[in-house]
Each structure stands twice: as structure tokens, then as C-alpha cells.
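Notes for the structure review
Here are the chains, one letter per residue:
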Amino acid sequence: MSVSQLAREIKESPTLRLNEEARILKEKGDPVIHLGIGEPKNRAPITAILGSAAKLHTGDVKYTPTDGLPSLKKAIIRYMEEHYDRLVAPENIIVSTGAKQCIYNVLFTIVDPQDEVILLAPYWVSYPEIVKMVYGIPVIVTPEDGTFHPRLEDIEKVVTSYTKAIIINSPNNPSGVIYSEEFTAEIVKFCESKGIYIILDDIYQTLVFDGKRAPIAYKYTDKDLENSKLIVVNGVSKIYGMTGFRIGWSVAPRKLVEVMINIQSQTTSNASVISQAAAEGALTGVQSVIESLRLTIQNNRDVMMQELQTFNGIRVTKPAGTFYCLPDFRAYSNDSIELTEFLLKKALVVTVPGAAFGMEGHLRLSYAGEVSDITEGIERIKWALDPESPNEIYIGDRKLIRDWL
Ligand code: PMP
């Protein structure tokens, strides 16, 4: 069968593949614990459910403007004012089918073939693939000091005349790190002086812990939005735990938004009107839902840290946000893909290989699920890897004996 060269280069999403493997094992009745999961367990906010149900009840389920319902865009404008202290116009906004489509639209709009897009390791798995899908070249910058925090001097070294954009994701998937105010100020000044776009993937913006807040890049530009190089991507998937509704939005200079609308009008048209109504319901409803989700996840993070602290040989950076951490498992294996397969087979625990995020030797562990999954999941991983842990364990009602250490 003939498949295009470009299509052949696009890797499948390892997280979605692992979800599928776990689903099949679960269906067979295996007691799988999913520490790979990229979504919280909460129910959608009631105002989101009522908003979408009301729309459905009218029976009037049709196309909307490509860039989104005007009433949803109004709610996004309020969100921008409240969380970014920026007044933006409806023409600065396009609503899309998840933040993923936003990133695709943005990159399609600005990247010419062979243009380079800087990605900061550890990076979200989909960035390199989306860059390739628009014929761009991902350029990876890895912190040399073993931290998960980028440094401007390392970024400066890779900038060429082909550098078109940099993607900043803070709070960061997979490390949970929030980039510093100093770095945010520096990178905005640097990119603006060089004419490089800064794509801010703020999808975890409010999932922050211990009173910390993610820096707002707009604070560090003196340009108005129309002349700025900043492009914000956000959505309801993580902050309201509404992953299945598939609603994200981009905020950018009008001229870019016009092009994004053209692109989207030729691919998916508008995001589903039912989902747009749900997103509007979430954004205009009681905002305490954000705080209660944040508190649940913060508590889960604490449990995860406690469990990992008693894990021989594991080093972990305490996450300041998101629902992931990225512990270093090199004491046990340098091959994270092999390690995730081993843990799924022996301990029935789903983890995600650090290699997929540009951090070999690490595993991404999610604490978005139940507390009991975190404690039992880590106990199983210890049992599978650490010779000092008891060599018997119950998984479901089966007693297993470790015979490989
Ligand atoms: N950016 C990051 C960093 C993410 O982790 C995700 C989801 N895992 C997305 C974007 C995509 O979000 P959405 O579900 O809204 O497409």
C-alpha cells in the first residue's frame, strides 16, 4: 500500500497507544493500574453539563461560525482578563477542537517548509510530530544541568535564520515544572528582538500547587497584541477536567487568527456546538470547580511524592503544577520503553516512557487518578524493581512471587 513519505514519518501518540493496551488488558479482567493517564477523574462541572444539555434539547444542532460561538468567545475574553490581565478582541480568538488542534493551526499558519521550531525537553509528545506535519523541523533543547528548567543561553545556541517559533509549556507536561519569572521575561525579550514567535501552551495554567503561579508572558512585552509575537493556547481539557469535550482556543494577532480560520474552515470547520456550549457553561459557571480540582490534584501530588521518597534509587523533582511527575529510573534501567513494557507485563501498571518526551531513563507518572491507584501502583513498581522490597505481592486476588531479581 502506498503511504506518503510525510505520513510515514509521523509516530503514533505513545500515550494513546498505552491507553489502548491498558483498555484491552482491563477488558480481559486484568487489574491494571493506570499511572499513564492524562485526565483527572472529576465529573464535568454541572454548568458545563447543563449548558450542553440545553443546547441539545433545542434540537438546533448546526454549524457555528468557524472561529466559535460569539457567546463562548465572550467568555474566553473574560477568562483572558481574569487570568492574563489582558483585554483581547473577539477577532483575536479562534476556538478549535482541543488545544491539540490549536497548536496544529498555529504551526500551519506560521511555519514554512524547513523552518525550525524550538522545543524544550522534556516536551509534550505531540509537539515534534505536529511540527513535522507542517513540514517544519523540530529543534530540541535539553537542559545540560540535569534539571527540567530551560536556560536562555542553551536556546540562543540553536537559533538560526530558520528559527520560526519556540513552544513554551509551563506548567510543564511531563515534568510538572513551572518556568521562572526571570526565564519568562528573558525569553519574551529575546524572541521579540529576534522576531521569533512564542507559542504559550498554557493548558495546565491553573493546576498549580503550594501557592505558586505560572508566570504570564504578556507581562514582559511592551508591544500591543497585534504587534506581539506571543500566541496563547488554552482550553477546558485540563483546568476543568473536560478532556472529552475537545475544546481549546488560540489567542493571537488578528492577522494570524484570520489565517487560522481559513485553515480550520478547510479541515474541521467549527468545534462541535454541543461542546462549545459546555465550555461556555464551564467558563461562566462557578469557578470554585477549578479550585476544588486543583486541591484534589495537589493532595494526589503529595501522596505520589511520599510514595516515591521511599523508593530506593529514584530521584524526582517535586512538581509545582500539572498532574505528572518525571522520576529518574536510571538506577533500574536506561531504556524507558523497555521498562514501561516490563512494568505493564509484570506489575500491570501503565507508565509512560521518558524517551517519548525527550528524557530517556525517566518515566512519566500521572497522579490524576485515585489516591489508591497511586499508592498501589507505586507499591507494585517497587515490588517489580527493588530487590529490597518484599518479594510477594497481591495483585487483585492473585499472589505473585518475584523471581527475576
Ligand atoms: N498540550 C499539552 C501540554 C497537553 O498535555 C495536552 C493534552 N495531553 C494538550 C496540549 C492537548 O489538549 P487537548 O486535549 O485540549 O487537545
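The coordinates are above.
All of the points below concern the structure found in this document.

Cut-off values and rules
Residues numbered from 1 in each chain as written. Predicted model: local features only at pLDDT ≥ 70, side-chain atom pairs only at ≥ 80, totals over all residues. Heavy atoms only, no water. Helix = DSSP H or I, 4+ residues; strand = E, 2+ residues; numbered from the N terminus. Rg over C-alpha atoms; globule rule 2.2 N^0.38 Å. Buried < 20%, exposed > 50% of the residue type's maximum accessible area, 1.4 Å probe, protein only. Contact = heavy atoms within 4.5 Å. Areas by Shrake-Rupley, 256 points an atom, 1.4 Å probe, with all protein chains shown as cover. Lys, Arg positive; Asp, Glu negative; His and termini not counted. Charge placed at Lys NZ, Arg CZ, Asp CG, Glu CD. Near = heavy atom within 4 Å. Polar contact = N/O pair within 3.5 Å; in protein donor to acceptor, adjacent residues only side chain to side chain. Expected span 1.5 Å × (residues − 1). Pairing = 2+ DSSP bridges. Axes fitted to C-alpha atoms, helices over the stretch in contact; angles between N-to-C directions.

Let us look at the overall build of the protein chain. If you tally the helices and strands in the protein chain, you get 13 helices and 14 strands. Against the compact-globule benchmark of 22 Å for 405 residues, the protein chain has a radius of gyration of 21 Å, which places it among compact chains. Across the 405 residues of the protein chain, 56% fall into the buried class. Long-range pairs, those at least 24 residues apart, make up 73% of the contacts in the protein chain between residues at least 6 apart in sequence. Taken as a whole, the protein chain presents about 17900 Å² of accessible surface, with 52% of it coming from carbon and sulfur. Looking at the protein chain, you have 43 positive and 51 negative side-chain charges, and the mean spots of the two groups are 3 Å apart.

Among the 13 residues in the neighbourhood of the ligand, the closest are listed as A99, N173, D201, Y204 and S237. Here an oxygen atom of the ligand and a backbone polar atom of K100 are 3.0 Å apart. The separation between an oxygen atom of the ligand and a polar side-chain atom of R246 is 2.8 Å. Look at the ligand: alone it shows 400 Å² of surface, and the protein chains cover 91% of it.

Another aspect to go through is helix α3 (residues 46-58). Taking 1.5 Å per residue, 13 residues should reach 18 Å; α3 reaches 19 Å between its end C-alpha atoms and fits that length. Downstream of α3 by one or two residues, G59 has phi in the positive range, about 75°.

The strand order across the open sheet formed by three strands is β9-β12-β11, and the pairing between neighbours is antiparallel. Because the sheet does not close on itself, it has two edges, and the strands there are β9 (324-325) and β11 (352-353). Of the strand pairs in this sheet, β9 and strand β12 (residues 363-366) are connected by two bridges, and their pairing is antiparallel. Across the sheet, the residue bridging to Y324 is S366, located in β12.

With omega at 0°, the peptide bond leading from S170 into P171 counts as cis. Among the secondary structure elements, P171 is positioned in the loop between β5 (163-168) and α8 (181-194).

A few words on the sheet that holds strand β2 (residues 93-96). Strand order in the open sheet made by the seven strands is β2-β8-β7-β6-β5-β3-β4, with mixed pairing throughout. This sheet does not close on itself; its edge strands, each paired only once, are β2 and β4 (137-141). The mean inter-strand angle of the sheet, taken between neighbouring strand axes irrespective of direction, is 20°. Pairing geometry for β5 and strand β6 (residues 197-201), over four bridges, is parallel. Within β6, the position partnered with I167 by the bridge is I199. Across the face of the sheet, helix α4 (residues 70-84) comes into contact with β2, β7 (230-235) and β8 (248-251) while running at roughly 110° to β2. Where helix α6 (residues 126-133) meets the sheet, it contacts β3 (116-120), β4, β5 and β6, and its direction lies at approximately 150° from that of β4.

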